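Residue strings, one per chain:
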Amino acid sequence: MSGVMKMVVLWMVALVVAELLLVSPSYEQNAAAVECESIRKMLEHCLPYVTGIADHPKPACCEGVDHVRSMIHTHDERVEVCDCLKEKISSFRHINLTTLTSLPDECGFKFHFPLSPNVDCSQIP
């Protein structure tokens, strides 16, 4: 590759990196939105239990709870997941709060914060 060609390639790489740095805040917002949607999908099998249709959570529900729980490593991630779950929980009208709050125990897990539409996500440890 000639010297001019190498310079053109390096310049293009630099432009791509600069563009990524400039758009990273919106990229992070999109990543968070996708993550929230994936969390919703992981927990959709819990709806029969938390709406009172089923007496016990399905194994797929508990697997989803465990997977979401295992994704959380930092305080910021706890707050982000809490906000996501709170939003999703609030969007359903027929949630039984007793079964919702008992979900982690029913699955045999401790969760990082209470599952409730009333939790203050900014106050979780």
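Calculation rules
Residues numbered from 1 in each chain as written. Predicted model: local features only at pLDDT ≥ 70, side-chain atom pairs only at ≥ 80, totals over all residues. Heavy atoms only, no water. Salt bridge = Lys/Arg side-chain N within 4 Å of Asp/Glu carboxyl O. Helix = DSSP H or I, 4+ residues; strand = E, 2+ residues; numbered from the N terminus. Buried < 20%, exposed > 50% of the residue type's maximum accessible area, 1.4 Å probe, protein only. pLDDT = per-residue confidence, 0-100. Contact = heavy atoms within 4.5 Å. Phe/Tyr/Trp six-rings, centres within 6.5 Å; stacked < 30°, edge-to-face > 60°.

Caption draft 1: Structural view of the pattern of salt bridges. Going through the model one piece at a time under the given rule, you end up with four salt bridges. Salt-bridge contacts for Arg40 lead to Glu37; the nearest nitrogen and oxygen are separated by 2.7 Å. Remark: Glu37 and Arg40 occur in helix α1 (residues 3–43); sequence separation between them is three residues, near one turn of the helix. On the basis of relative accessibility, which here comes to 30%, the residue Glu37 falls in the partly exposed class. Two residues, Glu44 and Arg40, come together in a salt bridge whose shortest N-O distance is 3.5 Å.

Caption draft 2: View of the confidence of the model for the protein chain. Scored by pLDDT, the protein chain comes out at a mean of 78, with 73% of its residues at no less than 70. When mean pLDDT is compared element by element in the protein chain, helix α2 (residues 47–50) scores highest at 95, while α1 scores lowest at 49. Taken as a whole, residues 4–34 scores under 50 in pLDDT and shows three contacts with residues more than four places along the chain or in a different chain.

Caption draft 3: Here's a closer look at the packing of aromatic side chains. One pass over the structure, following the stated rule, counts one aromatic pair. Pairing Phe111 with Phe113 gives two aromatic rings, centres 5.1 Å apart and planes at 85 degrees, and the pair type is edge-to-face. Classification of Phe113 as buried rests on a relative accessible area of 6%.

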